[in-house]
Amino acid sequence: MHRHDLALIGFGGVNRALAEIIHSRGTALADDLGFELRVVAITDLRLGSLMQADGIDLEAVFAMAEGATFAGMPGGAAVPQNDFVIRSTTADIVVEATFTNPVDGEPAVSHVRAALESGKSVTTTNKGPVALAGAELRRIAEEHGARFEHEGAVMSGTPVLRFASDMLRGTRISGVEGILNGTSNFVLGRMEAGATLAEAVAEAQALGYAEADPTADIEGSDVQLKVVILANEILGAGITTADVVRRGISAISPEDIAAAAAEGRRWKLIGSAVRTPDGGVAASVEPVALPLAHPLAGVSGATNAVSFDTDLLGTVTVSGPGAGRMETAYALLSDIIAIDAHQRAGVEAAR
Ligand SMILES: NC(=O)c1ccc[n+]([C@@H]2O[C@H](COP(=O)([O-])OP(=O)(O)OC[C@H]3O[C@@H](n4cnc5c(N)ncnc54)[C@H](O)[C@@H]3O)[C@@H](O)[C@H]2O)c1
Ligand SMILES: N[C@@H](CCO)C(=O)O
């Protein structure tokens, strides 16, 4: 059976969950997928770097004490030598899951670029590189015969990007609208139940939904990146974050929530991108008090939903987890499966 070796860049909630899936499912996962997975490198801001070409003992990594680093382990160092690891690792797939930087996407853009330039395929859940440098990175991937996969950049493990690109082929999509941030949706629900904004954000952080800086969730910049990704990849819009009008939920008070409830409405943070008659795309992120009968009004907790307006099918809605460590690790696994399928198709075609 063939194998893919992985380098994990960032070892927080999501990449740790991927390592747990690989470790706990072992041969059953390999039998299911038709290939084996092995982690040969890990780098993290807090842990340093670790490279073991014969496969890292994940149990030893999971057992590390709080505050410990990889220094002292064979192939380990106390500092995260990201660029060195990405370029010199024996891994064939680099898994980028460091913090999302909504301003310029760095250093993740550089991580992805370095991996692709050295002929390694990349899977990432990091929205920065996809929204802010997606076109460039796809071009580099193509030039180096590698793949750049990023299903988890929108709606975590719920397959919304591949759904639109693969399953809705042949129908014209004129607009995309939805609830695209798990944290803010969870927070609005908790505030409806009486929690303060700060309490609800702390709960979302503990559950692994929030960004390292949860301002991105609350003020809408996380959704802004996702709207750029949807607009560019599904509508072919070629827009940037500057083209997406943005308002978050921080100004919504308990009184606003009560007033909406009294009118049979519920606040939701809605991201949308819609084709305009002049051939452009209008995109926005803003809180909307939806009537309870609206299909998105019932989407609760960290669940997200996105509706595609199509000419042949009408409106098609996909709903599922929008955040969560394990849910997002599944997105990485689905990307690895896609990379493997693409490579196998290439081998078949070359025969
Ligand atoms: N958690 C979710 O529900 C979710 C869902 C979809 C997408 N994402 C995205 O996935 C990525 C990872 O999310 P997470 O929940 O694991 O975050 P996290 O904060 O738990 O982990 C990020 C890890 O990256 C490390 N890191 C940050 N900058 C680094 C650098 N320059 N070099 C090396 N390591 C670095 C941090 O030390 C941390 O351990 C983020 O970009 C996030 O936006 C997360
Ligand atoms: N912080 C994000 C993670 C998924 O991108 C959210 O809450 O939706």
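Since we're looking at a predicted model, the values are computed, not measured. (Residues numbered from 1 in each chain as written. Chains lettered and ligands numbered in written order. Predicted model: local features only at pLDDT ≥ 70, side-chain atom pairs only at ≥ 80, totals over all residues. Heavy atoms only, no water.)

Section: the overall build of the chain
Reasoning step 1: In terms of regular secondary structure, the chain is built from 12 helices and 13 strands.
Reasoning step 2: Relative to its length of 351 residues, the chain is compact, with a C-alpha radius of gyration of 21 Å against a globular reference of 20 Å.
Reasoning step 3: Overall, the C-alpha framework of the chain stretches about 65 × 50 × 35 Å when taken along its three principal axes.
Reasoning step 4: Evaluated residue by residue, the chain yields a buried proportion of 50% over its 351 residues. (Helix = DSSP H or I, 4+ residues; strand = E, 2+ residues; numbered from the N terminus. Rg over C-alpha atoms; globule rule 2.2 N^0.38 Å. Buried < 20%, exposed > 50% of the residue type's maximum accessible area, 1.4 Å probe, protein only.)

Re the domain arrangement of the chain
Reasoning step 1: Here the chain is partitioned into domain 1 (3-156 + 326-350) and domain 2 (166-321).
Reasoning step 2: Of note, the centres of domain 1 and domain 2, computed from C-alpha atoms alone, are 28 Å apart.
Reasoning step 3: Contacts between the two partners involve 14 residues from domain 1 and, on the opposite side, 19 residues from domain 2.
Reasoning step 4: A combined buried area of about 1,300 Å² lies between domain 1 and domain 2, and 72% of that area is made up of carbon and sulfur atoms. (Domains from an automatic or database assignment. Contact = heavy atoms within 4.5 Å. Buried area = accessible area lost by both parts, 1.4 Å probe.)

Details of the packing of aromatic side chains
Reasoning step 1: This structure, assessed with the given rule, holds two aromatic pairs.
Reasoning step 2: Look at Phe163 and Phe308: their rings are 6.2 Å apart centre to centre, the planes differ by 35°, and that puts the pair in the tilted class. Of this pair, Phe163 sits in helix α6 (residues 161-167) while Phe308 sits in strand β12 (residues 303-310), placing them 145 residues apart in sequence.
Reasoning step 3: For Phe163, a relative accessible area of 23% puts it in the partly exposed group. (Phe/Tyr/Trp six-rings, centres within 6.5 Å; stacked < 30°, edge-to-face > 60°.)

Considerations on the confidence of the model for the chain
Reasoning step 1: The predicted model of the chain has a mean per-residue pLDDT of 97, with 100% of residues at 70 or higher.
Reasoning step 2: Scored as a whole, the predicted complex attains pTM 0.96, and scored at its interfaces, ipTM 0.99. (pLDDT = per-residue confidence, 0-100.)

Concerning the site of ligand 2
Reasoning step 1: Surveying the vicinity of ligand 2 reveals the residues Lys127, Asn181, Gly182, Thr183, Tyr209, Ala210, Glu211, Asp217, Asp222, Lys226, Gly322 and Ala323.
Reasoning step 2: Within the contact set of ligand 2, an oxygen atom lies 2.7 Å away from a backbone nitrogen or oxygen of Gly182.
Reasoning step 3: Within the side chain of Asp217, one N or O atom sits 2.7 Å away from a nitrogen atom of ligand 2.
Reasoning step 4: Computed on the free molecule, ligand 2 has an accessible area of 260 Å², of which 93% lies beneath the protein chains in the complex.
Reasoning step 5: Elements supplying a minimum of two residues to the shell around ligand 2: α7 (182-192) and α10 (221-234). (Near = heavy atom within 4 Å. Polar contact = N/O pair within 3.5 Å; in protein donor to acceptor, adjacent residues only side chain to side chain. Areas by Shrake-Rupley, 256 points an atom, 1.4 Å probe, with all protein chains shown as cover.)

Some remarks on the side chain of Ser334
Reasoning step 1: Note on placement: Ser334 falls in helix α12 (residues 325-350).
Reasoning step 2: Under the relative-accessibility criterion, Ser334 is labelled buried at 11%.
Reasoning step 3: In this structure, Ser334 is in contact with Glu151 and Arg162, ignoring residues within four places of it in sequence.

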